[in-house]
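# Per-entry structural report
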Amino acid sequence: MRKTMVSFALLGVFSLTGCGGEPETASPEATYDYLNESQEARDQRMRWWREARFGMFIHWGLYAVPAGEYKGQRSDQVGEWIQSWANIPRDEYAKFAAQFNPVKFNAAEWVGLAKEAGMQYIVITSKHHDGFAMFDSKVSDFDIVDATPFGRDPLAELSQECKRQGIRFAVYYSIMDWHHPSQYVDKEGKHPTAGDGQNKIYPERKQEYIDYMKAQLKEIVTQYDPAVLWFDGEWVEWWTEEDAKDLYNYVRSLKPEIIINNRVGKGRMGMQGLNKGPGYAGDFGTPEQEIPATGLPGVDWETCMTMNDTWGYKSYDDNWKSAETLIRQLIDAVSKGGNYLLNVGPTAEGVIPEPSVERLKAIGRWMAVNGEAIYAAGPSPFEAVPWGRVTTKQNRLYLHVFEWPENNRLPVPALQNQVQRAYLLAAPENTLEVLQGDPLEVVLPDRPLDPVATVVVLELDGSPKAASPAGEI
Ligand code: FHN
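Every value quoted in this text rests on a predicted model; they were computed, and no experiment measured them. (Residues numbered from 1 in each chain as written. Predicted model: local features only at pLDDT ≥ 70, side-chain atom pairs only at ≥ 80, totals over all residues. Heavy atoms only, no water.)

Right, let's talk about the site of the ligand for a bit. Among the 16 residues in the neighbourhood of the ligand, the closest are listed as H59, E80, H129, D232 and E288. Between an oxygen atom of the ligand and a side-chain N or O atom of H59, the distance comes to 2.7 Å. Between D232 and the ligand, the recorded distance is 2.5 Å, taken from a side-chain N or O atom to a nitrogen atom. When the free accessible area of the ligand is taken as 330 Å², the share hidden by the protein chains comes to 96%. (Near = heavy atom within 4 Å. Polar contact = N/O pair within 3.5 Å; in protein donor to acceptor, adjacent residues only side chain to side chain. Areas by Shrake-Rupley, 256 points an atom, 1.4 Å probe, with all protein chains shown as cover.)

Quick look at the structure:
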């Protein structure tokens, strides 16, 4: 459906100088500072997200059509960067839309798969760096409803389906935009509209672009009701922390309880970066492709991770991580106080690749038995244990055993608590013997119940406290 110009679409949103030259009263949304929030209000807002621990990232867009290949050349970069990698002018790139007809897309199946894996939320690309909107945007024709033979709105379908199946729906949105005419490439050998990691903006068009983003974000928030806005592409030098704070406040004004990542602004350190900490807009840190060795104490964070070496679909990327690696990464992230956002890159037909499906199902089998040690679980009280990872909840310690001890005795670093009972999460009816001493030892069966991670539960007389934080054994 087409379209009013952005400037008209935004008339109702901002405080403007009226026709008669009289300044109108600023709307409360425009002036309220959501960055100044009490700890209590913030804890309340973040609660579901902190408990969820595990989500699905979905990188899906026009780039699924070339699937990593352009004019016979195979990209060695991530699939969603093909426009930039192959130096494709934006009008040329836009032609992929005519071939984008994902008739096999089935929102119920995708959401069902996320649920089966034990995921509590999904985050889908509403617009990646290529500027293509995966929803019916009124302020652009470059969207899946207007520009493709498919003509359906996947964000609408996924949002409804998430509500129906009872998990949270969230969206990714790129600030850098290779399609918008406000932005261009200034690099020798590169077409000015091909897109680049260092895209520039014509200064006189920056406000127009911010208005365009706000118009799209208003469409997204009001139509699809996302629980999280996951920004990206914020590193371009023309995007400032001041812009970020304004955008953060704008999005919160549309939905005060929404959660926004730190990539709305300059809060991440380096491209893979962790979190620069307080003072920057955003509610959580976003380490990428890595789990910080000691977590990010005092900061909410979520590691996003690919299953192979790309976010957007590449037909020939077969470098899949094993289900064991993925399950252990999930446990690792939670044991350090973070969330784990695991990516899938569906094809141009709307299919989640089979290797991803297999892995998600394997994770789901593990989660069906051991989810209690993940959901709403807190970090380990010990810096490290030699045989695996530890998570906590209320008066319980969950010992995730990766390396089964040869003598069947699992040493546990000294605690300030008494152990009341020990058992395997997969067989709670059988009490395990605990040998008191320093270290304390839990007597395990001969073989692990699950070679990826068998969870031993220690019920304590209070909330777990290590005798010494290093947790030496
Ligand atoms: O450039 C993007 C990349 O394509 C992908 O979307 C990842 C996901 O976190 N973020 C950017 C790089 O940080």
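So, about the domain arrangement of the protein chain. We note that the domain assignment places domain 1 (15–373) and domain 2 (388–460) within the protein chain. Placing a centre on the C-alpha atoms of domain 1 and another on those of domain 2 gives a separation of 38 Å. Across the contact, 13 residues belong to domain 1 and 16 residues belong to domain 2. In total, domain 1 and domain 2 occlude about 1,300 Å² of area from one another, counting both sides; carbon and sulfur atoms represent 59% of this. For domain 1, the biggest contributors to the area lost against domain 2 are R328, E372 and A373; these three give 45% of the whole. Summed over the shared surface of domain 1 and domain 2, the number is 9 residue pairs in polar contact (both at pLDDT 80 or more). Contributions of two or more residues to the side of domain 1 that touches domain 2 are made by α11 (323–335) and α12 (354–370). Sorting elements by how many residues they give to the side of domain 1 that touches domain 2 places α11 first, with 7 residues. Classifying every residue of the side of domain 1 that touches domain 2 gives 6 nonpolar, 2 polar and 5 charged. (Domains from an automatic or database assignment. Contact = heavy atoms within 4.5 Å. Buried area = accessible area lost by both parts, 1.4 Å probe. Helix = DSSP H or I, 4+ residues; strand = E, 2+ residues; numbered from the N terminus. Nonpolar A, V, L, I, M, F, W, Y, C, P; charged D, E, K, R; others polar.)

Now for the sheet that holds strand β13 (residues 396–401). The antiparallel open sheet is built from 5 strands, whose spatial order is β12-β13-β19-β15-β16. Edge positions in the open sheet fall to β12 (388–393) and β16 (427–431), since each of these has one partner strand only. The average undirected angle you get between the axes of adjacent strands in this sheet is 30°. Bridge count between strand β15 (residues 419–424) and strand β19 (residues 454–460): 5 bridges; the pairing is antiparallel. Across the sheet, the residue bridging to R421 is E459, located in β19. Sheet contacts for α11: β12 and β13; angle to β12, the most-contacted strand, approximately 50°. (Pairing = 2+ DSSP bridges. Axes fitted to C-alpha atoms, helices over the stretch in contact; angles between N-to-C directions.)

What follows deals with the state of the cysteines. A full pass over the atoms with the stated rule returns 0 disulfides. Looking at the unpaired C162, the closest cysteine sulfur is the one in C304, lying at 19 Å. Of the residues examined, C304 reaches a relative accessible area of 1% and is grouped as buried. (Disulfide = S-S within 2.5 Å. Buried < 20%, exposed > 50% of the residue type's maximum accessible area, 1.4 Å probe, protein only.)

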